Amino acid sequence: MGKREIKRWREREIASEREKERERERERGEREREREREREREREGEREREREREGEREREREREREREREREREGVKESEREQERGRERERERERERERERERERERESEREREKEGESERERGRERERKREEREREREREREREREREREGKR
């Protein structure tokens, strides 16, 4: 092979390497978008479950109101109603504490997902830096090759 063929071969090799790198970058981007869509589906599912829980709590409150009306119709003594209201307030406070724990768990898992995304971006930046370093090294190598060819012509 003559120098021109070697040069063309080398240029094709470099172009092929760049094409492979672009393909890998595209695939990484696609995987990242897919993970984001998956996280969004998880969040949507969590919101749906929260709406269902809220509906159940509302139905429970309605049943409680119905029971209260029933007790009043039966003429239950005031002190018993007062005790029941105290117990109801306690149950409501417990439900509120449960909702707060649920929200805290959601915030925690959100923080985890954000941390995971940040480390993924950090690895991406590191790969990009290494790829640029290899590119510069190849460029220096080509420069040295041209220098040797010029030296050889003299």
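For the structure, check the block above.
Rules used in this analysis
Residues numbered from 1 in each chain as written. Predicted model: local features only at pLDDT ≥ 70, side-chain atom pairs only at ≥ 80, totals over all residues. Heavy atoms only, no water. Helix = DSSP H or I, 4+ residues; strand = E, 2+ residues; numbered from the N terminus. Rg over C-alpha atoms; globule rule 2.2 N^0.38 Å. Contact = heavy atoms within 4.5 Å. Salt bridge = Lys/Arg side-chain N within 4 Å of Asp/Glu carboxyl O. Buried < 20%, exposed > 50% of the residue type's maximum accessible area, 1.4 Å probe, protein only. Axes fitted to C-alpha atoms, helices over the stretch in contact; angles between N-to-C directions. Parallel < 35°, antiparallel > 145°, perpendicular 65-115°, else oblique. Nonpolar A, V, L, I, M, F, W, Y, C, P; charged D, E, K, R; others polar. Polar contact = N/O pair within 3.5 Å; in protein donor to acceptor, adjacent residues only side chain to side chain. Expected span 1.5 Å × (residues − 1).

1. Notes on the overall build of the chain
In terms of helices and strands, the chain carries two helices and zero strands. Taking 2.2 N^0.38 as the reference for a compact globule, 154 residues should give roughly 15 Å; the C-alpha atoms of the chain span a radius of gyration of 34 Å, well beyond that estimate. Its C-alpha atoms put the chain at 115 × 20 × 10 Å along the principal axes. Counting contacts in the chain only where the partners sit at least 6 residues apart, residues at least 24 apart contribute 36% of the total.

2. A closer look at the side chain of E21
Here E21 lies in helix α1 (residues 3–74). Filtering out sequence-adjacent residues up to four positions away, E21 remains in contact with R28, R131 and R134.

3. Considerations on the pattern of salt bridges
For side chains bearing opposite charge, pairing can occur when the charged atoms are close. This model, assessed by the stated rule, comprises 88 salt bridges. With its nearest N and O atoms 3.7 Å apart, the salt bridge here joins E143 to R150. The partly exposed category is assigned to E143, whose relative accessible area is 37%. Assessed through its relative accessible area of 39%, R150 is described here as partly exposed.

4. Some thoughts on the packing of α1 against helix α2 (residues 78–153)
Between α1 and α2, the shortest axis-to-axis distance is 13 Å and the interhelical angle comes to 175°. In terms of orientation, α1 and α2 fall into the roughly antiparallel class. The class makeup of the residues in the contact of α1 with α2 is one nonpolar, no polar and 44 charged.

5. Remarks on the environment of E120
Following the sequence through the fold, E120 ends up in helix α2. Owing to a relative accessible area of 22%, E120 belongs among the partly exposed residues under this scheme. Residues E120 and E32 lie 88 residues apart in sequence; the distance between their C-alpha atoms is 8.8 Å. For E120, the contacting residues outside a window of four places in its chain are E32, R35 and R127. Of note is the side chain of E120, whose polar atom sits 2.8 Å from the side chain of R123.

6. Describing the environment of R140
Tracing the chain through its elements places R140 in helix α2. With 121 residues separating them in the primary sequence, R140 and E19 have C-alpha atoms 20 Å apart. Within the structure, R140 has its side chain in polar contact with the side chain of E137 (distance 2.7 Å).

7. Notes on the side chain of E102
Mapping E102 onto the fold places it in helix α2. E102 gets classed as buried once you look at its relative accessible area, which sits at 19%. Apart from the residues within four sequence positions on either side, E102 is in contact with E46, E50 and R53.

8. Observations regarding α1
Under the 1.5 Å per step criterion, the end-to-end length of α1 is 106 Å for 72 residues, consistent within 8% with the ideal 106 Å. Listed as buried for α1 are I14, E21, R28, R39, R43, E46, R57, E64, E68 and R71.

9. Points about α2
For α2, with 76 residues, the first-to-last C-alpha span of 112 Å sits near the 112 Å given by 1.5 Å per residue. The complete set of buried residues in α2 reads R81, E84, E88, R99, E102, R113, G117, E135 and R142. Residues of α2 that are buried in the fold lie against α1.

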